[in-house]
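So the chains spell out like this:
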Amino acid sequence: MKQLKTAVIGVGHLGRFHAQKYAQLSQLQGVYDANPARSAEVAQELGCRAFTSVAELLAEVDAVSIATPTSTHFAVAEMAMQAGVHCLVEKPFTLDTDEADALITMAQERHLVLAVGHIKRVHPAILHLRQAGYGAPRYLEAERLAPFKPRSLDIDVIMDLMIHDLDLTLLLTGAEPVDVRAVGVAAVTDKADMANAWLTLNNGTVANLAASRVVREPARRMRIFWQDRYASVDFMNNTLHIYHRGEGMVPGIPGVRDEAVGLPKKDALASEIEDFLQAVATGKAVFCDGIAGRRVLAAALQVRTAVDHFLNR
Ligand code: NAD
């Protein structure tokens, strides 16, 4: 892993962090950004090259992260794979499922690793709940609320924020949406900046997801309900409580035990990049591949269609 030659394409807010992790975990050759001043700044910080074109960068590396705006993911990843370079593409994978399908096919034909950056999959609370083996939840609800930032404005709040909770919903249930209802509002940009979706999955699970990128008080929470227990996750504060029915006593609620799970502090981005580099080095599967990235993209597009229907009614 340490010997792999890597680079990052797009070193804005998130790409800079990718480059920092590659500098620790591999041989970071350099970075490229459409804004040359930004490439130079990040290259200087990390003591690597500021490439002046994507083609020049691709000639030097085994693997790249693509952390450019979503509208460019397809073109950049296609170019990288044509050059035989393994790709970790930031989420959301692509703008539509045709682009996603084309990249998946290319990766399969060329035997390249194609990972998608659905980083919440490695959150310690989600890892704990998956290992606990409680099965598919009956109901889950999530809020992902963020103050406005002038980034990712090429996409709506569904692709920007709600997609994280859609991904966790599909991951925790292994099921597919069969009925999707949603509302949304364009508050600041010309796209939905707030959305609320109600999804019924083909195993009967119901998910109620709220996302906004125009709130004053941020929140990133999920509550997950099974027959005999419910889990409350606070992603921002890294806490997980599991309330078990029929055992013990929560003050005021007889027959319920509060299990406060101690979660390890984890550098999720380092874990994601390490997982990607291991896949490149050893051929092991990545924790989120192109097919998983496409699956959640398709669900997000269903929410988008419902929101568009609401906005144009
Ligand atoms: P940003 O605007 O801060 O950075 C994007 C950078 O890409 C800019 O520096 C821009 O100059 C550069 N760029 C634009 N077009 C380019 C091109 N064709 N080639 C090279 N560079 C190009 O945005 P960001 O917040 O860093 O988001 C980048 C990506 O990461 C988006 O896809 C976004 O959805 C994703 N993201 C994921 C998470 C997560 O939780 N996994 C969080 C934030 C952003």
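To be clear, the structure that these remarks concern was listed above.
Residues numbered from 1 in each chain as written. Predicted model: local features only at pLDDT ≥ 70, side-chain atom pairs only at ≥ 80, totals over all residues. Heavy atoms only, no water.

> Honestly, the sheet that holds strand β9 (residues 194-201) in this entry has me stumped. Any pointers?
Remark on secondary structure: sheet strands pair via backbone hydrogen bonds, oriented parallel or antiparallel. In spatial order, the strands read β8-β9-β10-β7-β11-β12-β13-β14; together these eight strands make up an open sheet with mixed pairing. In the strand order of this sheet, the two ends are held by β8 (177-185) and β14 (253-261), each with one partner. With strand direction ignored, the average angle separating the axes of adjacent strands in the sheet is 15°. Across seven bridges, the pairing between strand β7 (residues 139-145) and strand β10 (residues 206-212) is parallel. (Pairing = 2+ DSSP bridges. Helix = DSSP H or I, 4+ residues; strand = E, 2+ residues; numbered from the N terminus. Axes fitted to C-alpha atoms, helices over the stretch in contact; angles between N-to-C directions.)

> What is the right way to read empty space enclosed by the protein from this model?
Here the idea is plain: a probe the size of a water molecule rolls over the atoms and shows the empty space left. Under the criterion given, the structure shown has one cavity of 30 Å³ or more. As a volume, the largest cavity reaches approximately 40 Å³. Leu-88, Ala-115, Val-116, Glu-272, Asp-275, Phe-276, Val-286, Phe-287 and Cys-288 are the residues that line the largest cavity. Elements with a minimum of two residues in the lining of the largest cavity: β6 (114-116) and α8 (268-282). Considering every element that reaches the lining of the largest cavity, the biggest residue donor is α8, with three residues. For the lining of the largest cavity, a count of residues per class yields seven nonpolar, no polar and two charged. (1 Å grid on protein atoms, 1.4 Å probe; cavity = no way out; pocket = protein on both sides within 12 Å on 5 of 7 lines; lining within 4 Å. Points joined across faces, edges and corners; volume = space filled by probe spheres on them. Nonpolar A, V, L, I, M, F, W, Y, C, P; charged D, E, K, R; others polar.)

> Please clarify how the site of the ligand should be interpreted in this entry.
In the neighbourhood of the ligand, 23 residues make up the surrounding shell, with His-13, Leu-14, Asp-33, His-73 and Lys-91 lying closest. The backbone of Ala-34 places a nitrogen or oxygen atom 3.1 Å from a nitrogen atom of the ligand. At 3.2 Å, a side-chain N or O of Arg-151 approaches an oxygen atom of the ligand. For the shell around the ligand, the residue count by class is eight nonpolar, 10 polar and five charged. Both domain 1 (5-112) and domain 2 (120-264 + 298-311) contribute no fewer than three residues apiece to the shell around the ligand. (Near = heavy atom within 4 Å. Polar contact = N/O pair within 3.5 Å; in protein donor to acceptor, adjacent residues only side chain to side chain. Domains from an automatic or database assignment.)

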